[in-house]
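Listed here are the chains, written in short residue letters.
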Amino acid sequence: MFDSKKIDSYFIPPKKSEKNNQSVGKVRTKTAKYIKLFLPALAALLTGLLIIIPHLKKDLRGITDDLITPRKGELEKFHMENSVFYITDYKNIVNNFNADFLDETEAGSKIIKMINPTGTLPTEQKEEVHIKAPLGFYNQNTKLLKLQDGVNLDYSAGITANTAEMFFDFNLGKAYGVRPIVTNSETAKITAQGFEYYKDKNLLIYTGKSHATIRDENIEGGL
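Keep in mind it's a predicted model, so treat the numbers as computed, not measured. (Residues numbered from 1 in each chain as written. Predicted model: local features only at pLDDT ≥ 70, side-chain atom pairs only at ≥ 80, totals over all residues. Heavy atoms only, no water.)

Q: Which parts of the structure should I look at to understand the nonpolar core?
A: Soluble globular proteins tend to pack their nonpolar side chains together in the buried interior. Counting 26 residues, the largest nonpolar core has Met-114, Ile-131, Leu-145, Met-166 and Phe-170 as the members making the most contacts within it. Counting residues per element, the ones that place at least two in this core are β1 (79–88), β2 (94–104), β3 (111–115), β5 (128–132), β7 (144–155), β8 (159–169) and β11 (188–198). Here this core gets five residues from one element, more than from any other, and that element is β7. (Core = buried A, V, L, I, M, F, W, Y, C linked by side-chain atoms within 4.5 Å. Buried < 20%, exposed > 50% of the residue type's maximum accessible area, 1.4 Å probe, protein only. Helix = DSSP H or I, 4+ residues; strand = E, 2+ residues; numbered from the N terminus.)

Q: Would you explain unusual backbone geometry in this entry?
A: A negative phi angle characterises most non-glycine residues, just as the trans form characterises most peptide bonds. Non-glycine residue Asn-82 carries a positive phi angle of around 45°. Note that Asn-82 resides in strand β1. Backbone geometry places Asn-202, a non-glycine residue, at a positive phi of 55°. Relative to the elements of secondary structure, Asn-202 occurs in the loop between β11 and β12 (203–214). We classify Asn-202 as partly exposed; its relative accessible area is 25%.

Q: What should I look at first to understand the packing of aromatic side chains in this one?
A: Each pair of aromatic rings is reported with the distance of its centres and the angle of its planes. Enumeration over the complete set of coordinates arrives at four aromatic pairs. Ring plane angle 70° and centroid distance 5.7 Å describe the contact between Phe-85 and Tyr-138, whose orientation is recorded as edge-to-face. In this pair, Phe-85 is assigned in strand β1 and Tyr-138 in strand β6 (residues 135–139), connecting sequence segments 53 residues apart. Residue Phe-85 is classed as buried on the basis of its relative accessible area of 9%. Ring centres of Tyr-138 and Phe-170 lie 6.0 Å apart, and the angle between their planes is 90°; this geometry places the pair in the edge-to-face category. (Phe/Tyr/Trp six-rings, centres within 6.5 Å; stacked < 30°, edge-to-face > 60°.)

Q: Which parts of the structure should I look at to understand the pattern of salt bridges?
A: Between side chains of opposite charge, a pair can form when the charged atoms approach closely. A complete count under the given rule lists three salt bridges for this structure. The salt bridge involving Asp-89 is made with Lys-199; its shortest N-O contact spans 3.1 Å. You can see Asp-89 sitting in the loop between β1 and β2 and its partner Lys-199 sitting in the loop between β11 and β12, a full 110 residues away along the chain. Salt-bridge contacts for Asp-200 lead to Lys-91; the nearest nitrogen and oxygen are separated by 3.6 Å. One end of the pair, Asp-200, is in the loop between β11 and β12; the other, Lys-91, is in the loop between β1 and β2, and 109 residues separate them in sequence. Residue classification places Lys-91 among the partly exposed residues on the basis of a relative accessible area of 38%. (Salt bridge = Lys/Arg side-chain N within 4 Å of Asp/Glu carboxyl O.)

Q: How should a nonpolar patch on the surface be read in this particular structure?
A: Residues Val-84, Tyr-86 and Val-94 make up a contiguous nonpolar surface patch of about 280 Å² in total accessible area. With respect to the secondary-structure elements, Val-84 resides in strand β1. Residue Val-84 is classed as partly exposed on the basis of its relative accessible area of 31%. (Patch = residues over 30% accessible without salt bridge, like charges linked within 9 Å, V, L, I, M, F, W, Y side chains within 5 Å. Areas by Shrake-Rupley, 256 points an atom, 1.4 Å probe, with all protein chains shown as cover.)

Here it is, written out as structure tokens:
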């Protein structure tokens, strides 16, 4: 015999509790499907990260090392900024030069490039020669200083001089130049093709063709 209650149950809406149970069952089924799909994808992603991260750390470490670690040449070169450079001559007299930058031209060369050097050369007569130039090079092996690109000299005895280039040999206490020089003092203006200056003797010699202009107020008498 047919059970009428079972037949009626197909047409009678289920109670709320039954509906909830069916909905929960469907949700659980869908969730299980998603989990089954998501877990392999997550596993693959994690595996990929485990492979990539060590290489990524290595690359980042390499970039950091390039930014922070000095290059071999830079580490070996002498470099100073806004500093004083001391040069001792053959009589152990210290001559000091200030510069915006001091850089060794090549590692181990002992040749120092000086940007905007200014220096003082003391003499035995208690006079001083103040020197200024845009660019200079000092060879620590030969103790030879080269100043260029416009050199200004100010002698404390009241003489100023300008020349394009000059050299100073600290082994001899001698400055010299083979480019035109102009000197000015209270008594005269002198131009020459070159010069020699001996610090110990406090002696300035003009070389090549020279021309002197005596200032009128220093000429005694008349023609």
